[in-house]
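# Coordinate inspection notes
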Amino acid sequence: MEKFILDEARVQRTVDNYRRIKNDVAETAIRAGRSENDVRLMCVTKTVEPEYINPVLDLGANLIGENKVQEYCSKLETLHLDGVEKHIIGHLQTNKVKYIAGRVDMIESVDSVKLAKEIQKQFSKADCVANILIEVNIGNEESKSGCDMSELDELIYEIAEMQNIKIKGLMTIPPICDENEVRKYFAKMHDKFLSLKEKNIDNVNMDILSMGMSADYEQAVLEGSNIVRVGSAIFGARHYN
Ligand SMILES: *Cc1c(COP(=O)(O)O)cnc(C)c1O
């Protein structure tokens, strides 16, 4: 194994980035006529070593997102997670669900009945409830996970029947596009979110709208997001091994 050498300058950059973005999110919320406490900043920690994550957690960051189950589980021990909420945000394979039953606060990437059924099965076995968001493929992109907008209602009604699952809202990753176009996608998500909220479906709370990443979190906040998921703008470019 390669010896780990802490890059002190990177720690400092990370801390500075976190503070700046935290402020920026609050200011953008206010600019949108919302309360600064209305929007939570998630630190997306995939591929980042705990040595660079802990300084941000020590500053008071209280929400992290990880993509891969194995990486998530291997980091749990070393992260300073007191009072920190942990979300799985990446595409989740059914055979991995058993490893996170009872060990996550939310799964943001539920996009099929098949996956929901496995979550129901494993969380029921572990005697706990899974809080989930439904991931919507807002741009109808072939390559992306997420359910199509046209199938969203049916998916929600079906999952709402599952005893050990609580639907808390929606998540999306829009297509890569310019500022104006991305705002339209976010606005469309927000409209759908509000119309689902109005329906007051049993066992469904439409409280969370998770959208916006490093490149577009401001647009997302302006269009009603209440969780922005920011990775590289805090921790720097990702290096995949
Ligand atoms: C990686 C990832 C992010 C963060 O992406 P950045 O562009 O680095 O901010 C947000 N959401 C999901 C689902 C991701 O996989």
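One can find the structure itself at the top, above this paragraph.
Residues numbered from 1 in each chain as written. Predicted model: local features only at pLDDT ≥ 70, side-chain atom pairs only at ≥ 80, totals over all residues. Heavy atoms only, no water.

### Considerations on a positive patch on the surface
Rule in force here: Candidate patch residues must exceed 30% relative accessible area and have no salt bridge, after which like charges are joined if within 9 Å and Val, Leu, Ile, Met, Phe, Trp or Tyr side chains if within 5 Å. Accessible areas in this description were obtained via Shrake-Rupley with a 1.4 Å probe; residue shielding takes into account the shown protein chains only. Definition used for salt bridges: Asp or Glu carboxyl oxygen within 4 Å of a side-chain nitrogen of Lys or Arg. Charge counting follows a simple rule: Lys and Arg are positive, Asp and Glu are negative, and His as well as the terminal groups are ignored. Charge positions are represented by NZ for Lys, CZ for Arg, CG for Asp and CD for Glu. Helix numbering and strand numbering both begin at the N terminus, where a helix is a DSSP run of H or I of at least 4 residues and a strand a DSSP run of E of at least 2. Throughout this description, buried means an accessible area under 20% of the type-specific maximum (1.4 Å probe, protein chains only), exposed means over 50%, and partly exposed covers the range between.
There is a patch of like positive charges on the surface, built from K68, K96, K98, K121 and K125. Note on placement: K121 falls in helix α5 (residues 113–125). A residue is classified by how much of its surface remains accessible, and K121, at 47% relative accessible area, is partly exposed.

### Side note on the nonpolar core
The line we're drawing: The set of buried Ala, Val, Leu, Ile, Met, Phe, Trp, Tyr and Cys residues whose side-chain atoms join them within 4.5 Å is what this entry labels a nonpolar core. Every residue pair with non-hydrogen atoms within 4.5 Å of one another is taken to be in contact.
Within the largest apolar cluster, 69 residues are counted, with the highest numbers of intra-cluster contacts made by I134, I156, I159 and L170. Not counting chain neighbours up to four residues away, the residues in contact with I159 comprise V110, S112, A116, I132, I134, I165 and I167. Among the nonpolar cores identified, the runner-up in size contains 9 residues, and V44, M106, L133 and I227 belong to it.

### Things to note about the site of the ligand
To keep it simple, the criterion reads: Throughout, near means a residue has at least one heavy atom within 4 Å of the molecule or strand. For this analysis, a polar contact is any N or O atom pair within 3.5 Å, provided that within protein one partner can donate a hydrogen and the other can accept it, and provided that sequence-adjacent residues contribute only side-chain to side-chain pairs. Using a 1 Å grid laid over the protein atoms alone, points where a 1.4 Å probe fits but cannot get out form a cavity; open sets with protein on both sides within 12 Å along at least 5 of 7 lines form a pocket; any residue with an atom within 4 Å of a point counts as lining. By definition, a pocket or cavity contains a molecule when more than half of the molecule's atoms lie within 2 Å of the pocket's grid points.
Every residue near the ligand is listed here: V44, K46, N67, I89, I173, M213, S214, R229, V230, G231, S232 and R238. Between the ligand and R229, the relevant distance is 2.9 Å, taken from a nitrogen atom to a side-chain nitrogen or oxygen of the residue. Backbone polar atom of S232 to an oxygen atom of the ligand: 2.8 Å apart, as the coordinates give it. Calculation on the ligand without its partners gives an accessible area of 390 Å², and the protein chains cover 90% of this total. Here the ligand is seated within the second largest pocket.

### With respect to the side chain of D111
Looking at where D111 falls in the secondary structure, it is placed in the loop between β4 (106–110) and α5. It turns out D111 is buried and unbridged, and the closest side chain with the opposite charge, K114, is 9.2 Å from it. Within the structure, D111 has its side chain in polar contact with the backbone nitrogen of G146 (distance 2.9 Å). With residues near it in sequence (within four places) discarded, D111 still touches H91, E135, S145, G146, C147 and L155.

### A word on the pairing of strand β8 (residues 227–230)
Quick note on the threshold: Should DSSP find at least two bridges between two strands, the strands are taken to pair.
Here β8 shows two buried faces, one formed by I227 and R229 and the other by V228 and V230. Both strand β1 (residues 40–44) and β8 contribute to a ladder of 4 bridges, which runs parallel. Of the residues in β8, the one forming a bridge with R40 is I227.

### Some details on the layout of surface pockets
Using a probe with the size of a water molecule, rolled over the atoms, empty space left in the structure can be pinpointed. Test applied: Grid points are joined across faces, edges and corners, and a volume is the space filled by probe spheres set on the points. Classes in brief: Ala, Val, Leu, Ile, Met, Phe, Trp, Tyr, Cys and Pro nonpolar; Asp, Glu, Lys and Arg charged; the others, Gly included, polar.
Roughly 610 Å³ of volume is contained in the second largest pocket. Along the wall of the second largest pocket there are 28 residues; nearest its centre are K144, I173, P174, M213 and R229. Elements represented by at least two residues in the lining of the second largest pocket include exactly α7 (179–199) and β8. Residue composition of the lining of the second largest pocket, by class: 12 nonpolar, 8 polar and 8 charged.

### Looking at helix α2 (residues 50–58)
Among the 9 residues that make up α2, 7 are buried, leaving the element largely enclosed by the rest of the structure. The inward-facing, buried residues of α2 contact α1 (8–31), β1, β2 (63–66), α3 (69–75) and α9 (232–235). Two residues or fewer after α2 comes G60, characterised by a positive phi angle close to 115°.

### A look at the pairing of strand β6 (residues 165–172)
The criterion, for reference: A clockwise course of the path from the first strand over the helix to the second, judged with the strands pointing away from the viewer, identifies a crossover as right-handed.
With respect to burial, β6 is a largely interior element, 6 of its 8 residues being buried. The sheet contact formed by strand β5 (residues 130–136) and β6 spans 7 bridges and is parallel. The residue of β6 that forms the bridge with A130 is I165. In terms of handedness, the path from β5 via helix α6 (residues 149–159) over to β6 forms a crossover that is right-handed. For the segment spanning β6, α7 and strand β7 (residues 204–210), crossover handedness is right-handed.

### A few points about the pattern of salt bridges
What the rule picks out here adds up to 12 salt bridges. Across the pair R34 and D38 runs a salt bridge whose closest N-O atoms are separated by 3.0 Å. Exposure remark for R34: the relative accessible area of 18% places this residue in the buried category. In this structure, D105 and K86 form a salt bridge, with 3.6 Å as the shortest nitrogen-oxygen distance. Pair noted here: D105 is in the loop between α4 (97–100) and β4 and K86 is in strand β3 (residues 85–88), with a separation of 19 residues, a long-range link. A single network of salt bridges, built from pairs that share partners, joins E66, E71 and K75.

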